[in-house]
Amino acid sequence: MTIRIGNAPCSWGVEFANDPRNPPWRQVLKDCADAGYKGIELGPVGYMPEDPAVLAEALAEHDLTLIGGVVFRAFHDENQWDDVLDGAVRTCKALVAHGAQHLVLIDSISPRRALTAGRAEAAEQMGPEEWAAFRDRIAHVARIGAQEYGLTVGIHAHAAGFMDFEPELERLLNEVPEDILKICFDTGHHSYAGFDPVAFMKRHVNRISYMHFKDIDPKVKADVIAKGTGFYDACGQGIFCNLGQGDVDFPQVRQILLDAGFEGWCTVEQDCDPTLDVSPITDARANREYLESIGF
């Protein structure tokens, strides 16, 4: 089993490219390398330079491989389709320029879902026509990534969007061909949604092309679900804890990947609020050490 471990700018609180709270991109690259990682995700397109020469030089300086990139935009909103396509095409171009392989599609947070993150029984559902259009927008971007740019495209379930809960994810997988859409499986978001990530992996490991390693503090999860706390406030309360300190069984995750002969990248993501008293590099080191301790 050849598994390489990377990290992502969201572990430094980077969620949106132009957020004034973002740390400098060069500092994130340096911290990532100093914490023991050999790869990093692009982050939201526009955060790192879109001039390939500038970013290539910085990646080489820190001996980092660009792993992939995320399109975290409102697939659920037909009125934001131009924005979705803009993010998708720019991300594809950036990934191809650096030889990265993984294009990750995430439906961004919807006000209609924000207060029901983690509560599948209470969440608003799309009607048949809205779902079909939503599915087709995801499939369209997946085809762009896979067929026009030669990327491996994975759908990523995410709290507070319309691709959040396991039944929604499995419905999409049944309706969109595997040759254009695989799974970027996020252990933490699956737990946040109230489902068992290990059980899902056992059923779908052959379609998982890429992993996001994230852990969930069960006490914080219980509190934010009970109170209907929004996603970003939950991040600020520490719902995403250091790996090995939450409810995700990472030794079992490793065994499933090992048994399946999984090869490639697994990326640590520990979303945080950069305005709070956090030390992303300390968490990044702790997470790398934990993964090493269990055989990654």
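**Structural notes on the overall build of the chain**
Each helix and strand counted, the chain has 11 helices and 11 strands in total. Seen along its three principal axes, the alpha-carbon backbone of the chain occupies a region of about 50 × 45 × 40 Å. Burial status across the chain gives 58% buried among its 296 residues. By sequence separation, contacts in the chain at least 24 residues apart represent 82% of the contacts at least 6 residues apart.

**Let's talk about helix 10 (residues 250-260)**
Burial in helix 10 covers these residues: Phe250, Val253, Arg254, Ile256 and Leu257. Taken around the axis of helix 10, the buried residues stretch over an arc of 160°, which confines them to a single face. Taken from the residues just after helix 10, glycine 261 is the one with a positive phi, measuring 70°.

**A short note on the packing of helix 1 (residues 25-34) against helix 2 (residues 52-61)**
The geometry of helix 1 relative to helix 2 is characterised by a closest axis approach of 9 Å and an angle of 30° between their N-to-C directions. Put simply, helix 1 runs roughly parallel to helix 2. Handedness of the crossing formed by helix 1 with helix 2: right-handed. Residues Trp25, Arg26 and Leu29 of helix 1 form the contact with helix 2, whose participating residues are Val54, Leu55, Ala58, Leu59 and Glu61. Across the contact of helix 1 with helix 2, the residue classes break down as six nonpolar, no polar and two charged.

**Focus: helix 2**
Among all positions of helix 2, only Leu55, Ala58 and Leu59 are buried. One face of helix 2 carries all of its buried residues, which in axial projection span an arc of 100°. Counted as exposed and oriented over 90 degrees from the buried face of helix 2: Ala53, Glu57, Ala60 and Glu61. In this fold, the buried residues of helix 2 make contact with helix 1, strand 2 (39-40) and strand 3 (65-66). Its side-chain oxygen 3.0 Å from the backbone nitrogen of alanine 53, aspartate 51 forms the N-cap of helix 2. Taken from the residues just after helix 2, aspartate 63 is the one with a positive phi, measuring 55°.

**So, the nonpolar core**
One broad trend across soluble globular proteins is that nonpolar side chains are buried collectively. With 74 residues, the main nonpolar core has Leu105, Leu181, Met211, Phe213 and Leu257 as its most contacted residues. Core analysis: the second largest hydrophobic core is formed by 13 residues, Ile216, Val224, Cys235 and Ile239 among them.

**Considering the pairing of strand 6 (residues 152-155)**
Judged from the four bridges that link them, strand 5 (residues 102-107) and strand 6 form a sheet pairing that is parallel. Bridged to leucine 103 within strand 6 is valine 153. Both strand 6 and strand 7 (residues 182-186) contribute to a ladder of two bridges, which runs parallel. Bridging across to strand 7, isoleucine 155 finds its partner in isoleucine 183.

**Overview of the pairing of strand 5**
Along strand 5, six of the six residues are buried, which leaves the element largely enclosed by surrounding structure. Because side chains alternate across strand 5, one face comprises the buried residues His102, Val104 and Ile106, and the other comprises Leu103, Leu105 and Asp107, equally buried. As defined by bridge partners, strand 4 (residues 68-73) adjoins strand 5 across six bridges and the pair is classed as parallel. Note on strand 5: the bridge partner recorded for arginine 73 is aspartate 107. Tracing the backbone out of strand 4, into helix 3 (residues 81-97) and back to the parallel element strand 5 gives a crossover that is right-handed. Once you follow strand 5 into helix 4 (residues 128-148) and on to strand 6, the crossover reads as right-handed.

**With respect to the pattern of salt bridges**
Using the criterion set out here, one finds 22 salt bridges in the structure. Glutamate 168 is paired through a salt bridge with arginine 113; the nearest N and O atoms lie 2.4 Å apart. Of the two residues, glutamate 168 is situated in helix 5 (residues 166-175) and arginine 113 in the loop between strand 5 and helix 4; the sequence distance between them amounts to 55 residues. What makes glutamate 168 buried here is its relative accessible area of 7%.

**What to know about the side chain of serine 209**
Mapping serine 209 onto the fold places it in strand 8 (residues 208-213). Judged by relative accessible area, serine 209 falls into the buried class, the value being 14%. Ignoring any residue separated from it by four or fewer positions in sequence, one finds serine 209 in contact with His102, Thr152, Lys182, Ile183 and Phe262.

**Considering the state of the cysteines**
Enumeration according to the criterion identifies zero disulfides in this entry. No disulfide involves cysteine 10; its sulfur sits 8.3 Å from that of cysteine 272, the nearest cysteine. Exposure remark for cysteine 10: the relative accessible area of 8% places this residue in the buried category. In this model cysteine 235 remains outside any disulfide bridge; the closest cysteine sulfur is found in cysteine 272, 8.3 Å from its own. Owing to a relative accessible area of 8%, cysteine 235 belongs among the buried residues under this scheme.

What counts as what
- Residues numbered from 1 in each chain as written.
- Predicted model: local features only at pLDDT ≥ 70, side-chain atom pairs only at ≥ 80, totals over all residues.
- Heavy atoms only, no water.
- Helix = DSSP H or I, 4+ residues; strand = E, 2+ residues; numbered from the N terminus.
- Buried < 20%, exposed > 50% of the residue type's maximum accessible area, 1.4 Å probe, protein only.
- Contact = heavy atoms within 4.5 Å.
- Arc of directions from axis to C-beta.
- Axes fitted to C-alpha atoms, helices over the stretch in contact; angles between N-to-C directions.
- Parallel < 35°, antiparallel > 145°, perpendicular 65-115°, else oblique.
- Left-handed = near helix turned anticlockwise from the far one by under 90°.
- Nonpolar A, V, L, I, M, F, W, Y, C, P; charged D, E, K, R; others polar.
- Polar contact = N/O pair within 3.5 Å; in protein donor to acceptor, adjacent residues only side chain to side chain.
- Core = buried A, V, L, I, M, F, W, Y, C linked by side-chain atoms within 4.5 Å.
- Pairing = 2+ DSSP bridges.
- Right-handed = clockwise from strand over helix to strand, strands pointing away.
- Salt bridge = Lys/Arg side-chain N within 4 Å of Asp/Glu carboxyl O.
- Disulfide = S-S within 2.5 Å.

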